[in-house]
Amino acid sequence: MAAIATAPGRGGIGVIRVSGRAAPDIAVTILGRCPSPRHATYIDFLDTDGSTIDRGIAIYFPAPHSYTGENILELQGHGGTAVLQRLLQRCLALGAKLAEPGEFTKRAYLNDKLDLAQAEAVADLIDASTDLAARSAMRSLSGEFSSHVHALRERLINLRMYVEACLDFPEEDIDFITEGGVIDKLESIRNELSLLSTTAKQGSILREGIQVVLIGQPNVGKSSLMNQLAGQDIAIVTAIAGTTRDTIRSEIQLEGVPIHVIDTAGLRETVDEVEIFGIQRTWRAAETAHIALILVDATHGITENEKSILARLSGVPQQIWIHNKIDLVNSSPEIREVDGKTHIFLSAKTGHGISLLKQHLLELAGWRAGTEGVFMARQRHLKALDGVSQSIENAKKNLNQAELLAEDLRLAQESLNEITGEFTSDDLLGEIFGRFCIGK
């Protein structure tokens, strides 16, 4: 298989990657010879008629000492679109198949060069939008997450072996639960699992970020708040009601956590067709948000209009009342809890109280400040860890029924196996690697 491994467009360097048994033969045809393994060779890349397509560096990695575990040929030439396409077509004409998205990394997984959690970390490292996310993805790629999973898995296997061995000798008049310290071992595994889950949840927040939508009537300061959170003038701010007619999106970073902020059109009755479309998009944005910031003018507080907005936001998990323009009423920034709802008083114009809002957003996201050693994790990892936790809890309830106890331990082990790929369906593999970029 072959593909362009560098990003599309004009660049200083472009890379063609070829992987498979035919890689050495393709090297001989295009280069005139197969380069020495793992040595950079400056050489001409030849077309069918012997003319030069490009001149660059060729590197050959013989199996199994390569990224995919197969023979790999990398051709590093100039990063022009036309020359890379021409060179790729030359490789395809020589029998290489065009690689699917993520196919190189999928082969690395299938050839035991990476486990599934490490393979996913490759895509996470490419997609990382913050420095902290990139470092966390690198920890997962280096196997830190997997090592924790394997250690927990070994403890489950050892406990399973003990319980199932005791099942084979039912005539022995021994309280094997007490003698083997099964209760203590289950509790120890549960505690270790809790720590792993906490760290994984932090990694999931880093990967996914949180969606925050700004909701409110016209001229309550949504665009001004957007600009304060982003740290730059992204949205147009005027005194004219209805200035924002479409959703405006910006990604900000709070302590390395990506926050996706969406400014929306002001909600009001209108006959303006364009504004109506903008309001419809406002409600659609609210449907997918994790947090809704409901802005009100501090000079008049919450009115019936704001209450009607709240009634339509029942599907948003978290809602925060933002009382903006405290500079007009000579109030100080503060956070209040009223009837189970958070109210933050601030000024988007002066910036007073913005730090309170940022800190509260991180708290709602579940982010723990100062977290060290976070590794990247995905929602499927969290789901698997929840499955392990449920099986462990069931095992504690079935201590007096050895057969059920053994089955609960087996289910816990299978849930852990799903994370690293010891047990994974083909459908899941297709979904995971189908989201990679071509050439990786």
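- Looking at an unreviewed UniProt entry, the protein chain carries the name tRNA modification GTPase MnmE, with the source organism given as Novimethylophilus kurashikiensis.
- Per UniProt, the comment on the protein chain under Subcellular location (unreviewed entry) is "Cytoplasm".
- According to the UniProt record, the Sequence similarities (unreviewed entry) comment for the protein chain reads "Belongs to the TRAFAC class TrmE-Era-EngA-EngB-Septin-like GTPase superfamily. TrmE GTPase family."

1. Some remarks on the packing of aromatic side chains
Then, number 1: Counted according to the given criterion, the structure contains 1 aromatic pair.
Then, number 2: Residues Phe 145 and Phe 375 carry aromatic rings whose centres are separated by 4.6 Å and whose planes lie at 15° to one another, so their mutual orientation is stacked. Of this pair, Phe 145 sits in helix H6 (residues 144-167) while Phe 375 sits in the loop between helix H12 (354-365) and helix H13 (379-397), and the two are 230 residues apart along the sequence. Comparing Phe 145 with Phe 375 shows no difference in burial state: the two are buried.

2. Digging into the pattern of salt bridges
Then, number 1: Counted according to the given criterion, the structure contains 18 salt bridges.
Then, number 2: Here Glu 103 and Lys 97 are joined by a salt bridge, their closest N and O atoms 3.2 Å apart.
Then, number 3: You can call Glu 103 buried: its relative accessible area is 13%.
Then, number 4: Of the charged contacts in the structure, one is a salt bridge between Arg 190 and Glu 187, with a shortest N-O distance of 2.8 Å. One end of the pair is Arg 190 and the other is Glu 187, both in helix H8 (residues 182-208) and 3 residues apart, which spans about a single turn.

3. Comments concerning the sheet that holds strand S5 (residues 72-79)
Then, number 1: Strand order in the open sheet made by the 5 strands is S1-S2-S5-S4-S3, with antiparallel pairing throughout. With partners counted over all chains shown, the strands left at the sheet margins are strand S1 (2-4) and strand S3 (41-46), one partner each. The average angle at which neighbouring strand axes cross in this sheet is 30°, direction not considered.
Then, number 2: Across 8 bridges, the pairing between strand S2 (residues 11-19) and S5 is antiparallel. Its bridge partner lying in S5, Ile 16 is registered against Leu 75.
Then, number 3: Here helix H1 (residues 23-31) sits on the sheet in contact with S2, S3, strand S4 (52-61) and S5, set at roughly 40° to S5.

4. Some thoughts on the UniProt feature "binding site: (6S)-5-formyl-5,6,7,8-tetrahydrofolate" (unreviewed entry) in the protein chain
Then, number 1: Under the UniProt annotation, the feature "binding site: (6S)-5-formyl-5,6,7,8-tetrahydrofolate" (unreviewed entry) is placed at Arg 17, Glu 74, Lys 113 and Lys 440. Within the annotated group, the residues that form the lining of the second largest pocket are Lys 440.
Then, number 2: Residue placement: Arg 17 occurs in strand S2.
Then, number 3: Residue class for Arg 17 comes out buried when judged on its relative accessible area of 10%.
Then, number 4: Setting aside its immediate chain neighbours within four residues, Arg 17 contacts Met 1, Ala 2, Ala 3, Ala 5, Tyr 67, Ile 72, Leu 73, Glu 74, Phe 104, Gly 439 and Lys 440.
Then, number 5: Looking at the secondary structure, you find Glu 74 in strand S5.
Then, number 6: Residue contacts for Glu 74: discarding those within four places in its chain leaves Val 15, Ile 16, Arg 17, Ile 57, Ala 58, Ile 59 and Phe 61.

5. Section: the side chain of Ser 136
Then, number 1: Position of Ser 136 among the secondary structure elements: in helix H5 (residues 131-141).
Then, number 2: The exposure class assigned to Ser 136 is buried, which follows from its relative accessible area of 0%.
Then, number 3: A distance of 2.9 Å separates a polar side-chain atom of Ser 136 from the backbone oxygen of Leu 132.
Then, number 4: Within the structure, the side chain of Ser 136 is placed 3.2 Å from the backbone oxygen of Val 374, a separation counted as a polar contact.

6. Describing the sheet that holds strand S7 (residues 248-254)
Hydrogen bonds between backbone groups are what pair the strands of a sheet, and the pairing can be parallel or antiparallel.
Then, number 1: Ordered by their spatial adjacency, 7 strands build an open sheet running S7-S8-S6-S9-S10-S12-S11, and the pairing between neighbours is mixed. In this open sheet, the two strands that pair with only one neighbour each are S7 and strand S11 (334-338). Each adjacent strand pair in this sheet contributes to an overall mean axis angle of 25°, direction not counted.
Then, number 2: Here strand S9 (residues 291-297) runs beside strand S10 (residues 318-324); their pairing, made up of 7 bridges, is parallel.

7. A closer look at the nonpolar core
Then, number 1: Within the largest apolar cluster, 34 residues are counted, with the highest numbers of intra-cluster contacts made by Leu 225, Ile 259, Leu 293, Ile 322, Leu 357, Leu 361 and Trp 367.
Then, number 2: Per-element tally for this core: the top contributor is H12, with 5 residues.
Then, number 3: Each of domain 2 (123-205 + 378-420) and domain 3 (209-365) accounts for three or more of the residues forming this core.
Then, number 4: Once residues within four sequence positions are removed from consideration, Leu 293 is found in contact with Val 212, Val 213, Leu 214, Ile 215, Leu 225, Ile 320, Ile 322, Leu 357 and Leu 361.
Then, number 5: By size, the runner-up hydrophobic cluster in this structure holds 28 residues, among which are Leu 156, Val 163, Leu 193 and Ala 406.

8. Examining the pairing of S10
Then, number 1: Burial analysis of S10 places 6 of its 7 residues in the buried class, which makes it a mostly covered element.
Then, number 2: Bridging between S10 and strand S12 (residues 341-345) involves 4 bridges; their strand directions are parallel. Paired with Ile 322 across the two strands is Ile 344, which belongs to S12.

9. Looking at empty space enclosed by the protein
Any empty space left between atoms is shown by rolling a water-sized probe over those atoms.
Then, number 1: This model, assessed by the stated rule, comprises 1 cavity of 30 Å³ or more.
Then, number 2: By volume, the largest cavity amounts to about 30 Å³.
Then, number 3: Lining the largest cavity are Ala 117, Glu 120, Ala 121, Asp 124, Ser 140, Phe 145, Met 376, Ala 377, Arg 378 and His 381.
Then, number 4: At 4 residues, helix H4 (residues 116-127) tops the list of elements feeding residues into the lining of the largest cavity.
Then, number 5: Class assignment of the residues belonging to the lining of the largest cavity gives a composition of 5 nonpolar, 2 polar and 3 charged.

10. What to know about the environment of Gly 353
Then, number 1: Along the chain, Gly 353 turns up in the loop between S12 and H12.
Then, number 2: Remark: the alpha-carbon pair of Gly 353 and Asn 324, spanning 29 residues in sequence, is separated by 9.5 Å.
Then, number 3: When residues no more than four places from it in sequence are discounted, the contact partners of Gly 353 are Pro 333, Ile 344, Phe 345 and Leu 346.

11. Structural notes on H5
For the α-helix, the turn length of 3.6 residues means that residues three or four positions removed from each other point alike.
Then, number 1: The set of residues buried in H5 consists of Leu 132, Ala 133, Ser 136, Ala 137, Ser 140 and Leu 141.
Then, number 2: Packing partners of the buried residues in H5 comprise H4, H6 and H8.
Then, number 3: With its phi angle positive at about 100°, Gly 143 sits one or two positions after the end of H5.

What counts and how
Residues numbered from 1 in each chain as written. Predicted model: local features only at pLDDT ≥ 70, side-chain atom pairs only at ≥ 80, totals over all residues. Heavy atoms only, no water. UniProt positions renumbered as here; feature names shortened; annotations may be inferred. Phe/Tyr/Trp six-rings, centres within 6.5 Å; stacked < 30°, edge-to-face > 60°. Helix = DSSP H or I, 4+ residues; strand = E, 2+ residues; numbered from the N terminus. Buried < 20%, exposed > 50% of the residue type's maximum accessible area, 1.4 Å probe, protein only. Salt bridge = Lys/Arg side-chain N within 4 Å of Asp/Glu carboxyl O. Pairing = 2+ DSSP bridges. Axes fitted to C-alpha atoms, helices over the stretch in contact; angles between N-to-C directions. Contact = heavy atoms within 4.5 Å. 1 Å grid on protein atoms, 1.4 Å probe; cavity = no way out; pocket = protein on both sides within 12 Å on 5 of 7 lines; lining within 4 Å. Polar contact = N/O pair within 3.5 Å; in protein donor to acceptor, adjacent residues only side chain to side chain. Core = buried A, V, L, I, M, F, W, Y, C linked by side-chain atoms within 4.5 Å. Domains from an automatic or database assignment. Points joined across faces, edges and corners; volume = space filled by probe spheres on them. Nonpolar A, V, L, I, M, F, W, Y, C, P; charged D, E, K, R; others polar.

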